[in-house]
Amino acid sequence: MEKTQFTSVQLSKGVMEIYDFGSIKLHAFKTNDLISDECFLVEKAGSCFMIESPCFFDNIRELEKYISDTGLKYEGAVIAYHGAGASFMKGSKVYSTKNADDYNHNGGGAGLVSNFAGAFGEAFDKSIYTTTDFIEGDSLTLCGVEMKITRTQEAFDIFIPEINVVYTHMLGHDVHSIVAGKAHADALISVLESYIQKKVGLVLTSHYVVENLDDVKTKIEYLKSLKNIAIKNVDAAGFKAAVQSAYPKYSGLNYLDMSAGMFFPGK
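Residues numbered from 1 in each chain as written. Predicted model: local features only at pLDDT ≥ 70, side-chain atom pairs only at ≥ 80, totals over all residues. Heavy atoms only, no water.

J.: So what's going on with the domain arrangement of the protein chain? Which residues, and what values?
T.: Domain annotation for the protein chain reports domain 1 (1-169) and domain 2 (171-266). When each unit is reduced to the centre of its C-alpha atoms, the spacing between domain 1 and domain 2 is 24 Å. Contacts between the two partners involve 23 residues from domain 1, matched on the other side by 18 residues from domain 2. Taken over both partners, the interface formed by domain 1 and domain 2 buries close to 1800 Å², and the fraction arising from carbon and sulfur atoms is 56%. Together, Lys 3, Asn 164 and Val 166 form the three largest contributors to the area buried by domain 1 at its contact with domain 2, with a combined 32%. Taken together, domain 1 and domain 2 are joined by 1 salt bridge. The closest approach of N and O atoms between Lys 3 and Asp 215, which form a salt bridge, is 2.9 Å. Seen at the junction of domain 1 and domain 2, the total is 11 residue pairs in polar contact (both at pLDDT 80 or more). Among the elements of the structure, β3 (24-30), β4 (38-44), β11 (156-160) and β12 (165-167) are those that each provide at least two residues to the side of domain 1 that touches domain 2. Split by residue class, the side of domain 1 that touches domain 2 holds 11 nonpolar, 5 polar and 7 charged. (Domains from an automatic or database assignment. Contact = heavy atoms within 4.5 Å. Buried area = accessible area lost by both parts, 1.4 Å probe. Salt bridge = Lys/Arg side-chain N within 4 Å of Asp/Glu carboxyl O. Polar contact = N/O pair within 3.5 Å; in protein donor to acceptor, adjacent residues only side chain to side chain. Helix = DSSP H or I, 4+ residues; strand = E, 2+ residues; numbered from the N terminus. Nonpolar A, V, L, I, M, F, W, Y, C, P; charged D, E, K, R; others polar.)

Structure below.
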C-alpha cells in the first residue's frame, strides 16, 4: 500500500483519508485543528475502533457523525499519547497501558493538556479519558484486529501485522521533532531502524499525514544531523540557529525550541 493510495471524504472541518486493505479499512482523520492532530479508525467486518482521539469539540462532533453516517459499530478507543477529548463517544470502552494512563493523568501528557486548555479555551476538550480496560500484555485484539503493543517512556506504540502498519507518536519527514538529547536521538533512531528491518508499509502518527519508509530514512538522517550539530555548539541558541540553517523549510519550530532546551539545559 502506497501512502497516496487513499480516497478522501471532506468533512465539515477535517478530511478523512481512507486506505482499503481488503478485509481492513484504515480511516485516517486529518483534523485540521490548531495543532495538526491526526487520529485513526480501524474498520473490520462492520466494526471499528479508534487509535488516539480528536481533542477539539468541533472535530469530536464531526467524527461521531462520520461513524454514525457510515453505520460502523464503534468498539472503543485505544489511547496512548493523547489523553484529551474524553467527551468523544462518552461511555465507550477505553484501552490503555498503565504507564500511558499515568502519563496522561499525572505526567507530561497532563501538563500538555493543561497548556492547550489555557491556549485554546472552550474550543478544546480538556477532559481526560478514563481507562476502562488496561492492556496488561504485549498484544490487544479489537474488532478481530490484532495489535502488537510496544511500551515507550511516555506511553506505547502499536503495530498491526495484518496490514503491516505501525503507529507512533511523531515522525514528520520535514518537521522538527522533540528530541531530548543524544541518548533520546539514539533511541529514536533504533526504533526507526526497526521499522526498516520489519519492512513496515505505512507509518501513522498523531501530528502528520501517513508516511512510509522513505520518510523514516529521511528522519533517521535528520536525527543523526542533530547529534552532529549539537557536538559543534555550546548553547541552545547556537544549536537552534545551526539546525534552522541546515533545515530552512522545516516546520515545527516550537518543537525545535524544546529540543534545543533539552540538548543544552540552562544554556
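J.: Give me the packing of helix α6 (residues 236-246) against helix α7 (residues 253-263): which residues, what numbers.
T.: As a packed pair, α6 and α7 sit with axes 9 Å apart at the nearest point and diverge in direction by 140°. In terms of their interaxial angle, α6 and α7 are classed as oblique. Once α6 is placed against α7, the crossing between them reads as right-handed. Only Leu 253, Leu 256, Asp 257, Ser 259, Ala 260, Gly 261 and Phe 263 of α7 make contact with α6, whose side of the interface consists of Ala 236, Phe 239, Lys 240, Val 243 and Gln 244. For the contact of α6 with α7, a count of residues per class yields 7 nonpolar, 3 polar and 2 charged. (Axes fitted to C-alpha atoms, helices over the stretch in contact; angles between N-to-C directions. Parallel < 35°, antiparallel > 145°, perpendicular 65-115°, else oblique. Left-handed = near helix turned anticlockwise from the far one by under 90°.)

J.: Describe in detail the side chain of His 176, supporting the description with residues and values.
T.: With respect to the helices, strands and loops of the structure, His 176 is situated in the loop between β12 and α4 (182-198). Taking the relative accessible area as the measure of exposure, His 176 reaches 1% and is therefore buried. A polar contact of 2.9 Å, which involves the side chain of His 176, links it to the side chain of Tyr 222. Excluding its chain neighbours within four sequence positions, the residues that come into contact with His 176 are Lys 219, Tyr 222, Val 243, Tyr 247, Tyr 250, Ser 251, Gly 252, Leu 253, Tyr 255 and Leu 256. (Buried < 20%, exposed > 50% of the residue type's maximum accessible area, 1.4 Å probe, protein only.)

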